[in-house]
Amino acid sequence: MVTRVRRARVEDAGIVSAVAAETFEMACPPGTAPEAIAAFIAEHLSDSRFAGYLADPARTVILADVDGEIAGYTMLIGREPTDPMVAAAVAGRPTVELSKCYVRANFHGHGVASALMTASIDAAAESGAASVWLGVNQQNARAIRFYEKSGFQKVGVKHFLVGEELHDDFVLELTLGTASSMTE
């Protein structure tokens, strides 16, 4: 399996939306109502939303391609946090949010997430950011382990709305310049 990463283009909106819809549920805690997941996907992960994300100069979407098939994606947002809980927790400025980091289930364990993370951190560093932050559901142990292995540290908490359900997330931050040991 050969993994390649590249920046997504506006014409990739449909495929990124499809992968987003396929993978979003994996990040939700057990017991999240299917209708809440469907509402979140419809509101935030549609083709038209991704077309808008891809046209936004503050956002970078990175795709992982494995042997010609899209295996996963990340989305970076180069804006200061608007959530007061996040703004208080994140120390490095300027900062970039790693808003989305998803790999399709059939590609888990093949290095796709690591390739996406490396490309995402490189893109954040190239933008001049001092740190990268993300929110991850407190019950998502697999993702938390991956992020911590990638060099992120817990710095706070925040809330995340899925449909009408409010979930608790950890806020994790990676100070750029310390990222060189992230994949060792």
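As the structure is a computational prediction, the values presented were derived from the model and not from experiment. (Residues numbered from 1 in each chain as written. Predicted model: local features only at pLDDT ≥ 70, side-chain atom pairs only at ≥ 80, totals over all residues. Heavy atoms only, no water.)

Q: Would you explain the sheet that holds strand 5 (residues 131–137) in this entry?
A: Backbone hydrogen bonds are what pair the strands of a sheet, in a parallel or an antiparallel way. Across the sheet, which stays open at both edges, the 7 strands sit in the order 1-2-3-4-5-7-6 with mixed pairing between neighbours. Of all strands in the sheet, those with a lone pairing partner are strand 1 (3–7) and strand 6 (153–162), marking the two edges. The average angle at which neighbouring strand axes cross in this sheet is 30°, direction not considered. Judged from the 9 bridges that link them, strand 6 and strand 7 (residues 165–175) form a sheet pairing that is antiparallel. Each bridged residue has a counterpart across the sheet, and for K154 the counterpart in strand 7 is L172. Strands strand 2 (59–66), strand 3 (69–77) and strand 4 (95–103) of the sheet are contacted by helix 3 (residues 47–55), whose axis makes an angle of about 60° with strand 3. The strands touched by helix 6 (residues 141–149) are strand 4, strand 5, strand 6 and strand 7; relative to strand 5, the strand with the most contacts, the crossing angle is about 165°. (Pairing = 2+ DSSP bridges. Helix = DSSP H or I, 4+ residues; strand = E, 2+ residues; numbered from the N terminus. Axes fitted to C-alpha atoms, helices over the stretch in contact; angles between N-to-C directions. Contact = heavy atoms within 4.5 Å.)

Q: Explain the packing of aromatic side chains here, please?
A: Any two aromatic rings considered together are summarised by their centre-to-centre distance and by the angle between their planes. Applying the stated rule across the entire model yields 8 aromatic pairs. When the ring of Y147 is compared with that of F152, the centres are 6.0 Å apart and the planes differ by 65°; the resulting orientation is edge-to-face. Accessibility classification places Y147 together with F152 in one group, the buried group. Put simply, the rings of F24, F40, F50, Y53, Y73, Y102 and F160 touch in pairs and so form one group of aromatic residues. Here the basic side chain of K154 rests over the ring of F170, its NZ or CZ set 4.4 Å away from the ring centre. (Phe/Tyr/Trp six-rings, centres within 6.5 Å; stacked < 30°, edge-to-face > 60°. Buried < 20%, exposed > 50% of the residue type's maximum accessible area, 1.4 Å probe, protein only. Lys NZ or Arg CZ within 6 Å of the ring centre and 35° of its normal.)

Q: I keep staring at the environment of S46 and nothing clicks. Help me out?
A: One can find S46 in the loop between helix 2 (34–44) and helix 3. For S46 and A21, which are 25 residues apart along the polypeptide, the C-alpha to C-alpha distance reads 8.0 Å. Apart from residues no more than four positions distant in its own chain, S46 is found in contact with S17 and I41.

Q: Is there a simple way to explain unusual backbone geometry in this structure?
A: What you tend to see is this: most non-glycine residues have negative phi, and most peptide bonds are trans. With omega at -5°, the peptide bond leading from R93 into P94 counts as cis. Summarising the element assignment, P94 is placed in the loop between helix 4 (84–89) and strand 4. Positive phi outside glycine occurs at D67, with the angle close to 50°. Counting through the fold element by element, D67 comes out in the loop between strand 2 and strand 3. Residue class for D67 comes out exposed when judged on its relative accessible area of 51%.

Q: What's the story with helix 1 (residues 13–23) in this structure? I'm lost.
A: At 3.6 residues per turn, the α-helix brings residues three or four places apart onto the same side. All of the buried residues in helix 1 are A13, V16, S17, V19, A20 and T23. For helix 1, the angular spread of buried residues about the axis comes to 165°, placing them on one side. Along its buried surface, helix 1 packs onto helix 3, strand 2, strand 3 and strand 4. (Arc of directions from axis to C-beta.)

Any functional reading would require information that these geometric values do not contain.
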